[in-house]
Amino acid sequence: MNVPARHTRITGTGSFLPPRRVSNDELVAELAARGIESSDAWIVERTGIRARHFAADGVAASDLALPAAQAALAAAGRRADEIDLVVVATSTPDMIFPSTAAILQAKLGIAGCPAFDLQAVCSGFVYALTVADSMIRTGSATRALVVGSEVFSRILDFDDRGTCVLFGDGAGAVVLEASDEPGILATDLHADGRHVGILCVPGAVAGGKVLGDALVRMDGQAVFKLAVGVLEQSARAVLAKAGRSEADLDWLIPHQANIRIMQGTARKLKLPADKLVVTVDEHGNTSAASIPLALDAAVRSGRVQRGDTVLLEGVGGGFTWGAVLLDY
Ligand code: UT7
């Protein structure tokens, strides 16, 4: 018997940014009030970031995830009760437990389907998409909601100018469905725990107290060097797995951490600058949310069209990295 292959396709995208937009000048003024020196010129030149959004006090990752998920469902023409898997990639969950995915599931008014968080820091979305793709292809799910949502402003040290200017808050979501047509063509995930210390929030919780340091710590140059190398490797690996080449790519949507890393990857793949989707200028680095936020912006602006070949790439703490190649 010839059983048709089961593929997965993204059928809808959505995103949400908290309303407070903080320009570099506004942030630099806030830092100056704390005696920390920075400038719009430094931030733009080193990172490409011009602004980020910060969530109001009391707003949690699930609060940002909800409107992003609802927008993705509307774009897919699906009701929440048609979803049978919820995966949320986040490093800034609402609670230690239960998962932000379970909280989001309840806010969506659905119950019963599996819901869990996935922790791979800034690679979280490509990890979550890969897991959902595998679960759908093996028949464990049919219609998944895959979300990246972060309130990174909660874990920033505003006395550390080397990190606090980089990150922002936001959420992005996709609906991923079983399909006779591909969809996701290939995935490629990696981690190297030897590099835990170069990008981490080293604190822990015990006895009702935070133990140690619960703010983002980063060796920016070490992260930069590793990121440039692994992003090229993962791009080539995922293209090879799918039997495609760089010339087949319509869009590169990398994790939005630093414009220099993103442009470096595009150059290595010989992609023209206009095939690189850039939102880091307006969003900053939103960790697990950055790729679905950028994908949704590119879809809604009409740049990414049905049938386009899109390369998503993530890299971040762990050290983790990976890529997903898909026909949109
Ligand atoms: O999701 C993955 C997350 N992380 C990343 O992708 C980050 C990767 N790394 C980077 O993007 C870059 O390393 C940074 C943007 C973080 C830093 O850029 P850099 O070119 O590596 O600068 P640097 O760390 O070598 O610092 C150069 C100078 C230092 O001053 P001195 O020692 O030369 O006097 C820093 O203290 O820039 C100073 N500096 C700043 N100056 C003004 C660091 N942060 C700031 C700031 N404003 N915000």
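Please read these numbers as outputs of a predicted model, since none were measured by experiment.

Between Pro182 and Gly183 the backbone carries a cis peptide bond, its omega angle lying at 15°. Inspection of the secondary structure puts Gly183 in the loop between strand S7 (169-179) and strand S8 (184-191). For the peptide bond that leads from Gly318 to Phe319, omega is 0°, which places it in the cis range. As for its placement among the helices and strands, Phe319 is situated in the loop between strand S14 (309-316) and strand S15 (320-327). With a phi close to 50°, Val121 is a non-glycine residue in the positive phi region. Note that Val121 resides in the loop between strand S5 (115-118) and helix H5 (124-137). The phi dihedral of Ser287 falls on the positive side, at around 55°, and the residue is not glycine. Its location among the elements puts Ser287 in the loop between helix H9 (280-283) and helix H10 (290-300).

Right, let's get into the sheet that holds strand S4 (residues 85-89). Strand order in the open sheet formed by five strands is S1-S7-S6-S4-S5, with mixed pairing between adjacent strands. Strands at the two margins of the open sheet, each flanked by one partner only, are strand S1 (7-16) and S5. When the angles between neighbouring strand axes are averaged without regard to direction, this sheet yields 20°. In terms of strand pairing, S4 meets strand S6 (residues 143-151) through five bridges, oriented parallel. Of the residues in S6, the one forming a bridge with Leu85 is Ala144. In this fold helix H4 (residues 100-107) packs onto S4, S5 and S6, with an angle of close to 140° to the strand it touches most, S5.

Okay, the layout of surface pockets next. Of the voids in this model, the largest pocket is the one considered here, and its volume is about 830 Å³. Together, 32 residues line the largest pocket, and Ser91, Thr92, Pro93, Ile155 and Val201 are the ones closest to its centre. Taken together, the residues of the lining of the largest pocket break down into 22 nonpolar, seven polar and three charged. When we break the lining of the largest pocket down by domain, the ones giving at least three residues each are domain 1 (7-179) and domain 2 (184-327). By volume, the second largest pocket amounts to about 660 Å³. Taken together, the elements giving at least two residues each to the lining of the second largest pocket come down to helix H2 (40-47), helix H6 (161-164), helix H7 (220-242), helix H8 (259-268) and S14. Broken down by element, the residue count for the lining of the second largest pocket peaks at seven residues, all from H7. By residue class, the composition of the lining of the second largest pocket is 16 nonpolar, ten polar and five charged.

Glancing now at the packing of H7 against H8. H8 packs onto H7 with a crossing angle of 35° between their chain directions and a minimal axis gap of 10 Å. The chirality of how H7 crosses H8 is right-handed. Residue-level inspection shows Phe224, Ala227, Val228, Leu231, Glu232 and Arg236 of H7 in contact with H8, the latter providing Arg260, Ile261, Thr265 and Lys268. When grouped by side-chain class, the residues that make up the contact of H7 with H8 number five nonpolar, one polar and four charged.

Turning next to the domain arrangement of the chain. As far as domains go, the chain holds domain 1 (7-179) and domain 2 (184-327). Between domain 1 and domain 2, the residue contacts involve 57 residues of the former and 46 residues of the latter. Of the roughly 3900 Å² buried between domain 1 and domain 2, counting both surfaces, carbon and sulfur atoms make up 60%. It is Cys122, Val126 and Tyr127 in domain 1 that bury the most area against domain 2; as a group they hold 15% of the surface buried on that side. There are three salt bridges connecting domain 1 and domain 2. The residue Arg217 makes a salt bridge to Asp157 at a minimum N-O spacing of 3.0 Å. The interface formed by domain 1 and domain 2 contains 25 residue pairs in polar contact (both at pLDDT 80 or more). Counting residues per element, the side of domain 1 that touches domain 2 draws most heavily on S1, at nine residues. Here the side of domain 1 that touches domain 2 is built from residues that sort into 25 nonpolar, 20 polar and twelve charged.

Here we take up the packing of helix H3 (residues 61-76) against H4. In a packed pair of helices, the relevant descriptors are the angle between the two axes and the axis-to-axis distance. Relative to each other, H3 and H4 sit at 50°, their axes nearing to 9 Å. Looking at the two axes, H3 sits oblique to H4. Handedness of the crossing formed by H3 with H4: right-handed. Side by side, H3 and H4 meet where Ala61, Ser62, Asp63, Ala65 and Leu66 of the first sit next to Thr100, Ile103, Leu104 and Lys107 of the second. In terms of residue class, the contact of H3 with H4 is built from five nonpolar, two polar and two charged.

A word on the sheet that holds S8. Read across the sheet, four strands follow the order S8-S15-S14-S13 without closing on themselves; strand pairing throughout is mixed. Strand pairing shows two members of the sheet lacking a second neighbour, S8 and strand S13 (251-254), which therefore form its edges. In this sheet, adjacent strand axes meet at a mean angle of 10° when their direction is disregarded. Pairing between S8 and S15: seven bridges, direction antiparallel. Bridging across to S15, Leu189 finds its partner in Gly322. Sheet strands touched by H7: S8, S14 and S15. Its angle to S8, the strand with the most contacts, is close to 145°. Sheet strands touched by H10: S13 and S14. Its angle to S13, the strand with the most contacts, is close to 145°.

About the thresholds
- Residues numbered from 1 in each chain as written.
- Predicted model: local features only at pLDDT ≥ 70, side-chain atom pairs only at ≥ 80, totals over all residues.
- Heavy atoms only, no water.
- Helix = DSSP H or I, 4+ residues; strand = E, 2+ residues; numbered from the N terminus.
- Pairing = 2+ DSSP bridges.
- Axes fitted to C-alpha atoms, helices over the stretch in contact; angles between N-to-C directions.
- Contact = heavy atoms within 4.5 Å.
- 1 Å grid on protein atoms, 1.4 Å probe; cavity = no way out; pocket = protein on both sides within 12 Å on 5 of 7 lines; lining within 4 Å.
- Points joined across faces, edges and corners; volume = space filled by probe spheres on them.
- Nonpolar A, V, L, I, M, F, W, Y, C, P; charged D, E, K, R; others polar.
- Domains from an automatic or database assignment.
- Left-handed = near helix turned anticlockwise from the far one by under 90°.
- Buried area = accessible area lost by both parts, 1.4 Å probe.
- Salt bridge = Lys/Arg side-chain N within 4 Å of Asp/Glu carboxyl O.
- Polar contact = N/O pair within 3.5 Å; in protein donor to acceptor, adjacent residues only side chain to side chain.
- Parallel < 35°, antiparallel > 145°, perpendicular 65-115°, else oblique.

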